[in-house]
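# Commentary on secondary and tertiary structure
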Amino acid sequence: MSDSTAPETATSTRPKTTPTRRALVTGASSGIGAATVRRLRADGWDVVAAARRADRLETLAAETGCEVYAIDLTDDDAVAALASHLAATGGLDAVVNNAGGAFGLDRVEDADVDDWRRMYEINVLGTLRVTKAVLPLLRKAGGAKGVADVVNVTSTAAQGAYEGGAGYTGAKHAEHMLSQTLRWEIAGEPVRVIEIAPGAVATEEFSLVRFDGDAEKAAAVYEGYTPLVAADVAETIAWTLSRPDHVNIDLVTLRPRAQAHNSKIVRGTGA
Ligand SMILES: NC(=O)c1ccc[n+]([C@@H]2O[C@H](COP(=O)([O-])OP(=O)(O)OC[C@H]3O[C@@H](n4cnc5c(N)ncnc54)[C@H](OP(=O)(O)O)[C@@H]3O)[C@@H](O)[C@H]2O)c1
């Protein structure tokens, strides 16, 4: 059967006439979040860049023309205020729940309960808080313009275990289940739920944060192979958002070529 039987409404990208859309990107003060702001601005989106460090967001705003919203996403009231701000200033077409991170690499028997708590607070509950708060805005925008999007940046840590990783893998598995469950719950509504699961990405802060500022340990994570960079992930996010309205990219897993699994990275081969 030839392609000519495809329905006429099926297109490979969103129509160019789509009205300007507005995205909220969390964790925008560094790494993948900042790269996503740059990429979406380049693609013509209005972008609200959110994180705690206002100075870094202001620098990004001067570079890209994004809006800035300084916020701690572990604060319920602050997230409610963010949603009210978005509602009063043009609504929202997409949220990129990217804020997150890993704290420590301790075996379960040595685990620091506070580190685990912090990982759940930002990766899981931060994503939950923001998603709940902005879902009414996304429904409204999706209803008016065709589709709106929730994009959750999880990790390959959401797909399996590695030694020392239980706090982070547990949090990312929970974020994965939040994504999958929400997709089931709102299927048929004009809001897509997209999950992006990167492997090792060399961002300036992720491993530094994980190892509490130990630059040597952080650098060692990326030695001997070519890791992903933040722009690789940003490009993938932008691609999922640019699919036609009827297409939901459920999950994209992207890794460096040298990484076959969380704990299998081949170093020293030039990959
Ligand atoms: N790098 C990797 O290898 C990798 C791989 C897979 C998945 N990921 C995931 O990708 C996402 C981004 O990672 P990245 O490498 O870009 O990390 P990063 O450079 O450390 O960025 C983390 C971002 O989260 C923000 N953030 C942390 N706590 C926050 C809070 N309480 N409230 C608001 N914002 C908060 C930080 O901003 P402030 O400190 O200014 O608040 C920062 O902008 C994370 O969810 C991470 O788990 C990373």
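Up top is the structure these notes are about.
No experiment lies behind these values; they were computed from the predicted model shown. (Residues numbered from 1 in each chain as written. Predicted model: local features only at pLDDT ≥ 70, side-chain atom pairs only at ≥ 80, totals over all residues. Heavy atoms only, no water.)

Next up on the list: the overall build of the protein chain. Helix and strand counts for the protein chain come out as eight helices and nine strands. Counting only C-alpha atoms and orienting by the principal axes, one finds that the protein chain spans roughly 55 × 50 × 35 Å. Taking contacts inside the protein chain between residues at least 6 apart in sequence as the whole, the part at least 24 apart equals 69%. Accessible area of the protein chain: about 13,000 Å², with a carbon and sulfur share of 53%. In the protein chain, which carries 28 positive and 36 negative side-chain charges, the distance between the mean positions of the two groups comes to 4 Å. (Helix = DSSP H or I, 4+ residues; strand = E, 2+ residues; numbered from the N terminus. Contact = heavy atoms within 4.5 Å. Areas by Shrake-Rupley, 256 points an atom, 1.4 Å probe, with all protein chains shown as cover. Lys, Arg positive; Asp, Glu negative; His and termini not counted. Charge placed at Lys NZ, Arg CZ, Asp CG, Glu CD.)

Counting across every chain of the model gives one aromatic pair. Taking NZ or CZ as reference, Arg118 lies 3.9 Å from the ring centre of Phe103, over its face. (Phe/Tyr/Trp six-rings, centres within 6.5 Å; stacked < 30°, edge-to-face > 60°. Lys NZ or Arg CZ within 6 Å of the ring centre and 35° of its normal.)

Next up on the list: the pattern of salt bridges. Scanning the model with the defined rule gives 18 salt bridges in all. Here Asp114 ties to Arg117 by a salt bridge, and the two come within 2.7 Å at their closest N and O atoms. In this pair, Asp114 and Arg117 are both assigned in helix H4 (residues 113–145), three residues apart and thus about one turn of the helix distant. Classification of Asp114 as partly exposed rests on a relative accessible area of 48%. One salt bridge connects Glu121 with Arg129, and the closest N-O pair in it is separated by 2.9 Å. Given a relative accessible area of 14%, Arg129 falls into the buried group. (Salt bridge = Lys/Arg side-chain N within 4 Å of Asp/Glu carboxyl O. Buried < 20%, exposed > 50% of the residue type's maximum accessible area, 1.4 Å probe, protein only.)

Okay, the sheet that holds strand S7 (residues 251–254) next. Across the sheet, seven strands lie side by side as S3-S2-S1-S4-S5-S6-S7; this open sheet has parallel pairing. The sheet terminates laterally at strand S3 (67–70) and S7, the two strands that pair on one side only. Here the strands of the sheet are splayed against their neighbours by 15° on average, with no regard to which way each runs. Of the pairings in the sheet, the one linking strand S2 (residues 46–51) to S3 comprises four bridges and is parallel in character. Residue pairing in the sheet places Ala50 in a bridge with Tyr69 of S3. Together, strand S1 (22–26), S2 and strand S4 (94–97) form the strand contacts of helix H1 (residues 31–42), whose direction differs from that of S1 by roughly 165°. (Pairing = 2+ DSSP bridges. Axes fitted to C-alpha atoms, helices over the stretch in contact; angles between N-to-C directions.)

This paragraph deals with helix H2 (residues 54–64). What H2 keeps buried is the set Leu57, Leu60, Ala61 and Thr64. On an axial view of H2, the arc spanned by its buried residues comes to 105°, and they lie on one face. Turned more than 90 degrees away from the buried face of H2 sit Asp55, Thr59 and Ala62, all of them exposed. For H2, the elements touching its buried residues are H1, S2 and S3. Gly65, located one to two residues past H2, shows a positive phi value of around 80°. (Arc of directions from axis to C-beta.)

Residues Asp212, Asp214, Glu216 and Glu223 make up a contiguous surface patch of negative charge. Checked against the element boundaries, Glu223 lands in the loop between helix H7 (215–220) and helix H8 (230–241). (Patch = residues over 30% accessible without salt bridge, like charges linked within 9 Å, V, L, I, M, F, W, Y side chains within 5 Å.)

Around the ligand, 31 residues are found, and the nearest of them are Ser29, Ser30, Arg52, Tyr168 and Thr203. Measuring from an oxygen atom of the ligand, one finds a side-chain N or O atom of Ser29 at 2.7 Å. One of the backbone nitrogen or oxygen atoms of Asn98 is found 2.8 Å away from an oxygen atom of the ligand. Protein contact buries 94% of the 880 Å² of open area that the ligand shows by itself. (Near = heavy atom within 4 Å. Polar contact = N/O pair within 3.5 Å; in protein donor to acceptor, adjacent residues only side chain to side chain.)

Turning our eyes to something else, we now look at the packing of helix H3 (residues 76–88) against H4. Following both chains from N to C, one finds H3 and H4 inclined at 20°, their axes separated by 9 Å at the closest point. By the angle between their axes, H3 is roughly parallel relative to H4. Like other packed secondary-structure pairs, H3 and H4 cross with a definite hand, here right-handed. Counted together, Asp76, Val79, Ala83, Leu86 and Ala87 of H3 and Arg129, Val130, Ala133, Val134 and Leu137 of H4 form the full contact between these two elements. By residue class, the composition of the contact of H3 with H4 is eight nonpolar, no polar and two charged. (Parallel < 35°, antiparallel > 145°, perpendicular 65-115°, else oblique. Left-handed = near helix turned anticlockwise from the far one by under 90°. Nonpolar A, V, L, I, M, F, W, Y, C, P; charged D, E, K, R; others polar.)

Turning our eyes to something else, we now look at the pairing of S2. Of all six residues in S2, five are buried; the element is thus mostly enclosed. Looking at chain direction, S1 and S2 are connected through five bridges and run parallel. Of the residues in S2, the one forming a bridge with Arg22 is Asp46. Each parallel crossover has a hand, and the one from S1 via H1 to S2 is right-handed. (Right-handed = clockwise from strand over helix to strand, strands pointing away.)

Taken by themselves, the reported measurements are silent on function.
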